[in-house]
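Notes for the structure review
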Amino acid sequence: MATSRTDPLTLEVVELIGTVVARYYEEYEQAAAQHALTGAQARVLGLLSLEPLPMRRIAQKLKCEPSNITGIVDRLEARGLVERRPAPDDRRVKLAVPTEEGRAVARRLRESLDFAREPLGELTEVERALLRDLLKRMLGAEPA
């Protein structure tokens, strides 16, 4: 028997997910502001701290227009947090690469995001793995 999308449990889960997302974004914006960054700038810098990326790939990962990413990278570059470099395998492609200062800011930003970590710390490793697998399943990905 299929579960109705308007049953009380489903509605409660949807409301809880919305609350978690809203709190995460609120804290993320506050943490970014402490580093004189917008939330979008902080997200781009965080992404680049994992790996250098071309603008188009950043836009795909953040699900936004490449022209928006160009402006964000311009502002990060003006602050000395990011630089553009030719891709080693195709010099026509420019990669956005965090500078040493950019990596340090991204690290401090990650360390200041307690909201996402603290509640997860209350869960056991098995519970965290179950939550991860359920979220992946909700997004259509295969669990680990």
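Up top you'll find the structure we're talking about.
Everything in this summary refers to the structure shown in the same document.

So, how was this worked out
- Each chain has its residues counted from 1, running along the sequence as written.
- Under the rules for a predicted model, residues below a pLDDT of 70 receive no local features and side-chain atom pairs below 80 are neither given nor counted, while totals for whole chains, interfaces and linings still include all residues.
- Just so you know, side-chain values use all the structure's heavy atoms and leave hydrogens and water out.
- Put simply, a nonpolar core is a bunch of buried Ala, Val, Leu, Ile, Met, Phe, Trp, Tyr and Cys residues held in one set by side-chain atoms that sit within 4.5 Å of each other.
- Throughout this description, buried means an accessible area under 20% of the type-specific maximum (1.4 Å probe, protein chains only), exposed means over 50%, and partly exposed covers the range between.
- Helix numbering and strand numbering both begin at the N terminus, where a helix is a DSSP run of H or I of at least 4 residues and a strand a DSSP run of E of at least 2.
- The term salt bridge refers to a side-chain nitrogen of Lys or Arg lying within 4 Å of a carboxyl oxygen of Asp or Glu.
- Patch definition: residues with relative accessible area over 30% and no salt bridge; like charges joined within 9 Å; nonpolar side chains (Val, Leu, Ile, Met, Phe, Trp, Tyr) joined within 5 Å.
- In short, Shrake-Rupley with a 1.4 Å probe defines the accessible areas, and a residue's cover is counted only from the protein chains shown.
- Pairing between strands is defined by DSSP: at least two bridges between the two strands are required.

Once that is clear, we can look at the nonpolar core. Leu37, Val44, Leu45, Ile58, Ile69, Val73 and Leu76 are the most contacted members of the largest nonpolar core, which totals 24 residues. Mapped by element, the contributors of at least two residues to this core are helix H1 (8-34), helix H2 (39-48), helix H3 (55-62), helix H4 (66-78) and helix H5 (100-112). Among the elements that line this core, the one with the most residues is H2, at five residues.

It is worth spelling out the pattern of salt bridges at this point. Tallying each qualifying case throughout the model produces eight salt bridges. Here arginine 108 ties to glutamate 101 by a salt bridge, and the two come within 3.6 Å at their closest N and O atoms. What makes arginine 108 partly exposed here is its relative accessible area of 36%. Residues joined by salt bridges that share partners form a network here, namely Asp74, Glu77 and Arg84.

On the surface, a nonpolar cluster with roughly 1,000 Å² of combined accessible area is contributed by Leu9, Val13, Ile17, Val21, Tyr24, Tyr25, Leu120, Leu131, Leu135, Met138 and Leu139. If you list the elements that add at least two residues to the nonpolar patch, you get H1 and helix H7 (125-138). The element best represented in the nonpolar patch is H1, accounting for six residues. Considering the arrangement of structural elements, one finds isoleucine 17 in helix H1.

With respect to topology, three strands assemble into an open sheet ordered S1-S3-S2, the strand pairing being antiparallel. Across the chains shown, the open sheet's two edge strands, defined by having one partner strand only, are strand S1 (53-54) and strand S2 (82-87). Pairing geometry for S1 and strand S3 (residues 90-98), over two bridges, is antiparallel. Counted as the bridge partner of proline 54 is leucine 95 from S3.

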